[in-house]
Amino acid sequence: MEGKPWQGRFDQPTDSLVESFTASIHFDQRLYQYDIHGSIAHCQMLAKCKIISEDEAAQIVQGLGEVLREIERGELTFDPSQEDIHMAVEQFLIQKIGEVGGKLHTARSRNDQICLDMRLYLRAVIFQVRALIFELQETLVDLAEKHFDIILPGYTHLQHAQPVLLAHHFMAYYEMFHRDEERLTQCLERTNVMPLGSAALAGTTLPIDMEFTARALGFPQVTRNSLDAVGDRDYLIEFNAACAILMMHISRLSEELILWSTSEFAFIEMSDAFCTGSSIMPQKKNPDVPELMRGKVGRVYGNLTALLTITKALPLAYNRDLQEDKEPIFDTVDTVLATLRVLVRLLPEIRFFREQMATMAEQGYTLATDLADYLVRKGLAFRKAHFVVGQIVQYCSQNQKQLQDCSLDEFKRYHKGIDADIYPFLRLGSAVDRRTSIGGTASSRVRQAIEEARQEIIAKRSVLDV
Ligand code: ARG
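Residues numbered from 1 in each chain as written. Predicted model: local features only at pLDDT ≥ 70, side-chain atom pairs only at ≥ 80, totals over all residues. Heavy atoms only, no water.

## Describing helix H3 (residues 32–48)
Applicable threshold: In DSSP terms, a helix is any run of H or I states spanning at least four residues, a strand is any run of E spanning at least two, and both are numbered starting from the N terminus. Expected span of a helix: the number of residues minus one, times 1.5 Å.
The first and last C-alpha atoms of H3 sit 24 Å apart over 17 residues, in line with the 24 Å expected at 1.5 Å per residue. Lys50 sits one or two residues past H3 and shows a positive phi near 60 degrees.

And the structure:
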């Protein structure tokens, strides 16, 4: 039994070019612990079903444990002739315990084995990403609370629109990340299904117990169709899609941090520890970290496109094309984890310039809608009120003044119904606080949102800990 595990049918050795072309060991070695844990559960199942003896199983389990420890200590080296992680582990095992190690691969194939490994891997990754999202959400809630009284201009079309609380702005991102976390949780449900026993494609003739393997590995379900189990990768695509949306949200936040730290906005300053300088311009302090967080979205979108393209039009069931799913997924995982980790460190270090934000919040007639709403309360049709206020704004801009600088006489030229009680309407704080509709920027609403968010994080985290 020299050479490859599948050598029996072959006369010639594999061409060395083919060996390196088909090998995946240089990247799938990161699955080693999942591969070994899956194999231990599989072996225990084989013994329980009397397909191998208890004694054989004990030797294999013991050997796998040793292989695991030796890989962890860096004592075993992978090489391309091993092809992939499954064959590498099996080879290490047989080297260690002899021919009995060859019984491990009974009633399974690498086709279902790789699916098991990827599902175990992804399950662990989803927990990690979710835990980081909770940390990020908590950071946002902390910021919202700490800077609760800061008002900034809210924008539409990147033009001043209406004043909003900075806390409201941060809580908007809280909501986005809440849905991102939900998407990952839903993806976890479909990932958390045990495929081992589907074998190459059609199942196995041996009397296995897939439910036993599932229980041993903590899977609540078993795949229901062997062709589907080894042939589809939709759980990986779904995970990458959820990550693409998450990264898109992070890129928007990054973009705002970049804009806000320009001298044109001057709303914030990022800590030196999160900025870099220029090799030629001594005065520069650049927001490279948010720029990279924004730029790294490209990889994750690219990986999604790669996965969709790799799986498109593949006939059932397993095809070797599917080996190409790993590098995009690993890259997405590395990118998302690194980005989340740096983001949760960067946010608490930001300095906010409240005066500048408040000054800007008043510019650009951001209280014009408040004046129109005031007229609506006096009985005017909104369209009419809109027109009247439009004329007042035009008058103010021609005379270089703010709405609140108009005298009562000036107001009355445009509408007789405007009285002295208009002035409280034209203050930033009251303009914010009157927006009490559900989800509005009023302090009362935002306080409530912060409190609910805190409860939500506690509840969600407790589920994650289980
Ligand atoms: N390295 C392979 C993959 O990632 C494992 C399955 C190989 N199966 C096969 N029949 N060649 O998909």
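## Focus: the site of the ligand
Short version of the rule: A molecule or strand has a residue near it when one of that residue's heavy atoms lies within 4 Å. A 3.5 Å cut-off defines polar contacts: any pair of N or O atoms within that distance qualifies, except that in protein one atom must be a possible hydrogen donor and the other a possible acceptor, and neighbouring residues in sequence count only when both atoms are side-chain atoms. Here the Shrake-Rupley method, with its probe set to 1.4 Å, supplies the accessible areas, and only the displayed protein chains count as covering residues. Residues were grouped as follows: Ala, Val, Leu, Ile, Met, Phe, Trp, Tyr, Cys and Pro as nonpolar; Asp, Glu, Lys and Arg as charged; and all remaining residues, including Gly, as polar.
In the region of the ligand, the neighbouring residues are Ser24, Asp84, His86, Arg110, Asn111, Ile114, Tyr318, Arg320, Gln323 and Lys326. At 2.8 Å from a nitrogen atom of the ligand is found a side-chain nitrogen or oxygen belonging to Gln323. In this structure, an oxygen atom belonging to the ligand sits 2.7 Å away from a side-chain N or O atom of Lys326. Protein contact buries 87% of the 340 Å² of open area that the ligand shows by itself. Residue composition of the shell around the ligand, grouped by class: two nonpolar, four polar and four charged.

## Section: the side chain of Asp370
Just so we agree on the cut-off: Each residue's exposure class comes from its accessible area (1.4 Å probe, protein chains only) as a fraction of the maximum for that residue type: buried when under 20%, exposed when over 50%, partly exposed otherwise. Note on contacts: a residue pair is in contact if any heavy atoms of the two residues lie within 4.5 Å.
Mapped onto the elements, Asp370 comes out in helix H15 (residues 368–377). We classify Asp370 as buried; its relative accessible area is 3%. When sequence neighbours within four positions are dropped, the list of residues in contact with Asp370 reads Phe425, Ala431, Arg434 and Arg435.

## Comments concerning the layout of surface pockets
Stated formally: Two kinds of site are reported from a 1 Å grid over the protein atoms alone, namely cavities, where a 1.4 Å probe fits but cannot get out, and pockets, open sets with protein on both sides within 12 Å along at least five of seven lines, and residues are called lining when an atom falls within 4 Å of a point. Grid points are joined across faces, edges and corners, and a volume is the space filled by probe spheres set on the points.
Estimates place the volume of the second largest pocket at around 330 Å³. Together, 16 residues line the second largest pocket, and Glu175, Gly439, Arg445, Ala449 and Glu452 are the ones closest to its centre. Elements that contribute at least two residues to the lining of the second largest pocket include exactly helix H7 (166–191) and helix H19 (443–465). The biggest single contributor to the lining of the second largest pocket is H19, with seven residues. Residues of the lining of the second largest pocket, tallied by class, amount to seven nonpolar, five polar and four charged.

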